[in-house]
Amino acid sequence: MHRIELTHQSRLPVSQLFEALSDHNRLGKVFGAPVRRIRDGDADPNGVGSVRKIGVGPVGIEETVTALERDRSIDYRITRGGFPIRDHRGHIDFAESGDGSRVTWTIEFGSHLPGAGAVLAFVLERAIRMGLRRVG
């Protein structure tokens, strides 16, 4: 299993940072790839049960929100696509911090191909760090 954990300090209040990272249709700014909500959640369009597609066509992946506590945390997992990734789970934690907020993003996953997981972990961490800077 591979684990990525990164922390980002933001000038934005927790509520704004949470909105930016919980709205599937705005996540393209973070991932630097097309992202769109393809299924609404049970009680909230971006909430539990909602599904987003990242990427285009057959190379895209689908992630499903499995838990959400407004302004506190989001849990999700890949539910379609993503080979060679397996058992991909993400957790995003939000907290007030000084004059703004802090987000801690943790991802755990395995890989079907030896060596691919380490490369993917490096790429994912770099992409998310850059994306969080774009958000604020």
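Residues numbered from 1 in each chain as written. Predicted model: local features only at pLDDT ≥ 70, side-chain atom pairs only at ≥ 80, totals over all residues. Heavy atoms only, no water.

1. With respect to the overall build of the chain
Just so we agree on the cut-off: Only runs of H or I of at least four residues qualify as helices and only runs of E of at least two qualify as strands under DSSP, and these elements are numbered from the N terminus. Each residue is assigned to one of three classes by its accessible area relative to the maximum for its type, calculated with a 1.4 Å probe on protein chains only: buried under 20%, partly exposed between the two thresholds, exposed over 50%. The contact criterion used is simple: two residues touch if any of their non-hydrogen atoms lie within 4.5 Å. Residue-level accessible areas treat just the shown protein chains as cover; the underlying method is Shrake-Rupley with a 1.4 Å probe.
Per the secondary structure count, the chain includes three helices and seven strands. Sequence-ordered secondary structure for the chain, helices as α and strands as β, is β-α-α-β-β-β-β-β-β-α. With the principal axes as the frame, the chain shows a C-alpha extent of 45 × 30 × 20 Å. A total of 136 residues make up the chain; the buried ones form 45% of that total. Residue pairs in contact within the chain that sit at least 24 positions apart in sequence constitute 45% of those at least 6 positions apart. As presented, the chain carries roughly 7,400 Å² of accessible surface, and 49% of it is formed by carbon and sulfur atoms.

2. Here we look at the confidence of the model for the chain
For the record, the criterion: The quantity called pLDDT is the predictor's confidence in a given residue, expressed from 0 to 100.
On average, residues of the chain carry a pLDDT of 92, and 100% of them reach 70 or more. Per-residue pLDDT, averaged within each element of the chain, yields its smallest value for helix H2 (residues 28-31) (82) and its largest for strand S5 (residues 73-80) (96).

3. Side note on the packing of aromatic side chains
In plain terms, the rule: Ring geometry is summarised as follows: Phe, Tyr and Trp rings, the Trp one being its six-membered ring, pair when their centres sit within 6.5 Å, and such pairs are stacked at plane angles under 30 degrees, edge-to-face over 60 and tilted between the two. Remark: a charge is flagged as sitting over a ring if the NZ atom of Lys or the CZ atom of Arg is within 6 Å of the ring centre and within 35 degrees of the ring normal.
The final tally for this structure, using the stated rule, is one aromatic pair. Relative to phenylalanine 94, the ring of phenylalanine 18 has its centre 5.1 Å away and its plane inclined at 65°; by these criteria the two rings are edge-to-face. With phenylalanine 18 in helix H1 (residues 14-22) and phenylalanine 94 in strand S6 (residues 85-97), this pair connects stretches of sequence that are 76 residues apart. Across the pair, phenylalanine 94 and phenylalanine 18 agree in class, each one buried. The ring of tyrosine 76 carries the charged tip of arginine 52 above its face, separated from the ring centre by 4.9 Å.

4. Re a nonpolar patch on the surface
Using the following cut-off: To count toward a patch, a residue needs a relative accessible area above 30% and no salt bridge. Like charges then connect within 9 Å, nonpolar side chains (Val, Leu, Ile, Met, Phe, Trp, Tyr) within 5 Å. Whenever a carboxyl oxygen of Asp or Glu lies within 4 Å of a side-chain nitrogen of Lys or Arg, that contact is scored as a salt bridge.
A surface patch of nonpolar side chains, about 310 Å² in accessible area, is lined by Val119, Phe122 and Val123. Along the chain, valine 123 turns up in helix H3 (residues 116-135).

5. Examining the nonpolar core
Quick reminder of the rule: Nonpolar core, defined: a set of buried Ala, Val, Leu, Ile, Met, Phe, Trp, Tyr and Cys residues in which side-chain atoms within 4.5 Å join the residues together.
By size, the foremost hydrophobic cluster in this structure holds 28 residues, and its most contacted members are Leu21, Phe31, Ile92, Phe94 and Trp105. Examining the composition of this core, we find that five residues originate from one element, H1, more than from any other. Aside from chain neighbours lying at most four places away, what touches phenylalanine 94 is Val14, Leu17, Phe18, Leu21, Asp71, Arg72, Ser73, Ile74, Arg102 and Val103.

6. Some points on the sheet that holds strand S3 (residues 51-54)
Hydrogen bonds between backbone atoms are what pair the strands of a sheet, whose relative direction is either parallel or antiparallel. Heads up, the rule is: Pairing between two strands is assigned when DSSP locates at least 2 bridges connecting them. Note on geometry: axes are lines fitted to C-alpha atoms, helical ones only across the stretch in contact, with angles between N-to-C directions running from 0 to 180 degrees.
Reading across the sheet, the seven strands line up as S1-S7-S6-S5-S4-S3-S2 and stay open at both edges, with antiparallel pairing between neighbours. The open sheet has two edge strands, strand S1 (2-10) and strand S2 (35-39), and neither has a second partner. Along the sheet, successive strands turn relative to each other by an average axial angle of 25°, direction set aside. Of the pairings in the sheet, the one linking S1 to strand S7 (residues 100-111) comprises nine bridges and is antiparallel in character. Considered in S7, the bridge of arginine 3 is made with glutamate 108. Running over the sheet, H1 touches S1, strand S4 (61-69), S5, S6 and S7 and is turned about 160° from S6. Contacts between H3 and the sheet are confined to S1, S6 and S7, with S1 contributing the most and set at about 10° to the helix.

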